[in-house]
Amino acid sequence: MALNRRIIRIFKENKLRYLGILLLIILGSYTFIVAAGLSQNLANLVTSFTEEHIQEDLSFSTDKTISESDSAQLEKEADIIIEEYLSFDAALSDSLTLRVLSETKKVNIPAVIEGQPLSGLGEILLDPAFAKANNYPLGSQIEAAGKNFTVVGFVSLPHYIYPLKNVNNILYSPNDFGVGVINRKEFEEFSDIDNANSIYSVRFNNRNRSINTQAVELRQVLQEEGFTVSDWINIMDNKRARMVWASITGMKTMSVPLPVLMFLISCLIIGIMFWRMIRRESVIIGTLYAQGYRHGELMRHYMALPVMLAFAGGIIGSLLALPFIKPMVLAMVSYYNVPVPGIEFSFINVLIGILTPILFLGLSSYLVIRSELKRSPADLMKGDIQNSKVNVLERAIKLDRFKFSTKFKLREQFRSISRLLFLFLGVTSASVLMLFGFTIMNSMNHAFKSLDVYQFDYEYSFREMQFGELPEGAEAFNAGKFYPENKEEIEFYISGIEPDSELVMLKDGKGNLIPNNQTNITKALANRLDIKAGDNVTFINKEDGKSYSFQIDAVADSYIEQFLYMPIAEFNQKMGLPENSYMGLFSTRKLGIPDEMLLGTKSMAELPEAIDEFMGQLNSMVVLMTIVSSIVALIILYLVTSLIIEENKNTISLFKIFGYRRREIRSLILNSSTLVIVFGFIVAIPIALVSMGALYGYLGNIINLMLPTIISPLYVLISFIAIMLTYQLSKLICAKSIEVVSMSEALKAGVD
């Protein structure tokens, strides 16, 4: 059909503009396929790994060993699988610790991801990230607790997917800590080791009942059997197992809005462009009608280009994304320890990535084209009627009071509301995306800075209640886990500390110290529970199931942990604990406490390196988001600026005829969008704040970690400079288009 040859000509006339739209569609499809593929593969890998290798529902320790006959009785009474495993921490150097675990067969079954399983004594399976960071390849020797082991394989463990040393830690560094698995018989040689632990892992058989309800029942059964339990950790409270779900949820959350945003922007610009093109070609369309072309043929002709762009963009974006899914999954898995038997490519996701832009762009183009083709051939042949009416915005602003250049620039924007809307939404979207990256980094920075609350270097947790005089430089604490009524998923610690503590220095929002002889709550927990100073609150102790009331005296400006602090004497009295008892010590120096007395030790010196490692990865993500958002902004600004130039060819020609200088013409035409860009960026700031607050709140419920939403003025300035530089670059690219407009354009328009 002869009409179809016009499609290539239309494309060539504005190829840069159409290539910009194509790039937006490619970015949208690429983002969707990668994010959806990454989250889907990670979710599948984690789910299949934890199910096939029987991830525990909870773990605990007891005051005495649960015999095989007692275990069998417990399994029958509580409908559970229970298995004991042994553990000890081996110091490989002053800063490097290897946690050695015994091999299990029923719960938390190790998955050998490379090498061979354990076949005898003297062999060890290592966490692959730890082995790589500390140079322990397969076949190498590692000395732990005075004995040499041969590294025969690398292992993933369902309860150490994110191998934190302590479940209360947030960050993991393989340079400082790792996990290894040895034969259980090997532990007989370590029977005299100081810090050996015996831990019981439990998996409930009934997967339909509430895990919390079954956990309470199990605790009652254990108490009735005469066992005193400690270190009770539900899997939902265990960051080693839950942290990976935060990444998966985050990617799932972001896999839809970003591509949809790209597609909507493309729809908007395609709609504007074709609406304007058809109005410009109304005489041609009327002539074609008169020559016998039918409505359907013209509709197919004008629909061809947007559908082809959408199809090509969807295909190219999908093809570019597919090869990146596997490396990105492997990169994520290197941070988490999950076996990767294979990567799945979802045909449905690819289909969505291709069909969604076709649907969005096809529908928007159809509606725009149909509205124009409704006009009769006679009306169409009269040509495009320029709208010279003064609209509401112009009347509101009263342009006559401004000088000519200002009046011209404002009118350029107000006379095309659709173009103004596109520019505004585009700049706002790109700015929000850029601010997202900086906000995440700033929030993490602020949260880590609140670590100055803790003035101690070591935290010791005891297995049993302690009494008596404290070591020099140490302060005692007690703690219990609580949750609000009917909100069992929100768990946190209430800690009793010394009323004159110098090692826990809580501060208010202005940086002033808050006294510790009262009940204080960290801001992360207060925000999550919507609590403020002066409130009376009631929480349920997870250990005994009883309700306890507290009056909140102050909210501390601390985000890294969710705690409620109160004087230790008051805590002991309220919980019915012996006077002057404690379960842990804060200390400014390393204490010579026998390892067999300790449940765990936390060294604050390990945190800076882990934070640096984490922030390094975060910085890379922020740079990537800044580059992507700058590209999106550049495309949008170029498209709008090129539209302005095209629509003002006659005006530019007249300016040249009247003797306006090149610099003046550029200023009038290219600078007309400046106010809209500035306004779009300003609006993006509260949108980014609200969006990030909602995202943090959502993720906080998943990982029990609430981050503050903080936008730094410095990063706002950097984002604004980046957007304005992008704007200048788009003007530079479009400036040549002004130069090629000849003076005869105005004469041609008059002839037409």
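Residues numbered from 1 in each chain as written. Predicted model: local features only at pLDDT ≥ 70, side-chain atom pairs only at ≥ 80, totals over all residues. Heavy atoms only, no water.

(A) Geometry of the overall build of the protein. A count of helical and extended segments in the protein gives 22 helices and 20 strands. A burial count over the protein gives 54% of its 752 residues as buried. Element-wise, carbon and sulfur atoms account for 58% of the exposed surface of the protein, whose accessible area totals about 34500 Å². (Helix = DSSP H or I, 4+ residues; strand = E, 2+ residues; numbered from the N terminus. Buried < 20%, exposed > 50% of the residue type's maximum accessible area, 1.4 Å probe, protein only. Areas by Shrake-Rupley, 256 points an atom, 1.4 Å probe, with all protein chains shown as cover.)

(B) Local environment of helix 10 (residues 347-373). Between the first and last C-alpha of helix 10 there are 37 Å, a value that for 27 residues agrees with the 39 Å anticipated at 1.5 Å per step. At Leu355, helix 10 shows its maximal kink, close to 25°; a proline, Pro357, follows between one and four residues later. At the N-terminal boundary of helix 10, the capping side chain belongs to Ser346, with an oxygen 3.4 Å from the backbone nitrogen of Ile348. (Expected span 1.5 Å × (residues − 1). Bend = angle between axes of the 7 residues up to and from the residue. Polar contact = N/O pair within 3.5 Å; in protein donor to acceptor, adjacent residues only side chain to side chain.)

(C) Here's a closer look at a nonpolar patch on the surface. On the surface, Phe404, Leu654, Ile657, Phe658, Tyr660 and Met743 cluster together to form a nonpolar patch covering roughly 590 Å² of accessible area. Relative to the helices and strands, Phe658 is located in the loop between helix 18 (649-657) and helix 19 (662-670). (Patch = residues over 30% accessible without salt bridge, like charges linked within 9 Å, V, L, I, M, F, W, Y side chains within 5 Å. Salt bridge = Lys/Arg side-chain N within 4 Å of Asp/Glu carboxyl O.)

(D) Representation of unusual backbone geometry in the model. Here Asp79, not a glycine, exhibits a phi torsion of approximately 55°, which is positive. On the secondary structure map, Asp79 appears in the loop between helix 3 (68-78) and strand 2 (80-91). Asp79 sits in the partly exposed class, given a relative accessible area of 37%.

(E) Summary view of the packing of helix 9 (residues 295-335) against helix 10. Close contact between helix 9 and helix 10 brings their axes to 8 Å; oriented N to C, the two are set at 155°. Accordingly, the angle class assigned to the pair helix 9 and helix 10 is roughly antiparallel. Crossing hand, helix 9 versus helix 10: right-handed. Among the residues making up the contact of helix 9 with helix 10, the classes are represented as 18 nonpolar, six polar and one charged. (Axes fitted to C-alpha atoms, helices over the stretch in contact; angles between N-to-C directions. Parallel < 35°, antiparallel > 145°, perpendicular 65-115°, else oblique. Left-handed = near helix turned anticlockwise from the far one by under 90°. Nonpolar A, V, L, I, M, F, W, Y, C, P; charged D, E, K, R; others polar.)

(F) View of the nonpolar core. If you look at the biggest cluster of nonpolar residues, it comprises 63 residues, and the most contacted ones within it are Ile669, Ile677 and Ile723. What Ile723 contacts, discounting residues up to four positions off in sequence, is Val427, Ala430, Ser431, Met434, Ala633, Leu637, Ile677 and Phe681. The next biggest cluster of nonpolar side chains, apart from the first, holds 30 residues, and it includes Ala43, Val46, Phe49 and Val338. (Core = buried A, V, L, I, M, F, W, Y, C linked by side-chain atoms within 4.5 Å. Contact = heavy atoms within 4.5 Å.)

(G) Local environment of helix 21 (residues 713-739). Between its first and last C-alpha, helix 21 extends 39 Å over 27 residues, near the 39 Å set by a 1.5 Å rise per residue. When the local axis directions of helix 21 are compared, the greatest deviation, roughly 30°, occurs at Ile733.

(H) Local environment of the packing of helix 18 against helix 19. Running from N to C, helix 18 and helix 19 cross one another at 155°; their axes reach a closest spacing of 10 Å. Here helix 18 is positioned roughly antiparallel relative to helix 19, judged by the angle of their axes. Where helix 18 crosses over helix 19, the two elements pack in a sense that is right-handed. Residue-level contacts link Ile652, Phe655 and Lys656 of helix 18 to Ile665, Leu668 and Ile669 of helix 19.

(I) Here's a closer look at the packing of aromatic side chains. As enumerated under the stated definition, the model contains 22 aromatic pairs in all. Ring centres of Phe456 and Phe586 lie 4.3 Å apart, and the angle between their planes is 15°; this geometry places the pair in the stacked category. Remark: Phe586 occurs in strand 19 (residues 582-587) and Phe456 occurs in the loop between helix 14 (417-449) and strand 11 (458-466); sequence separation between them is 130 residues. There is no split in this pair, since Phe456 and Phe586 are both buried. Relative to Phe563, the ring of Tyr493 has its centre 5.8 Å away and its plane inclined at 20°; by these criteria the two rings are stacked. Highlighted residues: Tyr493 in strand 13 (residues 492-497) and Phe563 in strand 18 (residues 563-567), separated in sequence by 70 residues. Site record: aromatic cluster; members linked through ring pairs are Phe482, Phe492, Phe539, Tyr548 and Phe550. Its end group placed over the ring of Phe227, Lys64 keeps NZ or CZ at 5.3 Å from the ring centre. (Phe/Tyr/Trp six-rings, centres within 6.5 Å; stacked < 30°, edge-to-face > 60°. Lys NZ or Arg CZ within 6 Å of the ring centre and 35° of its normal.)

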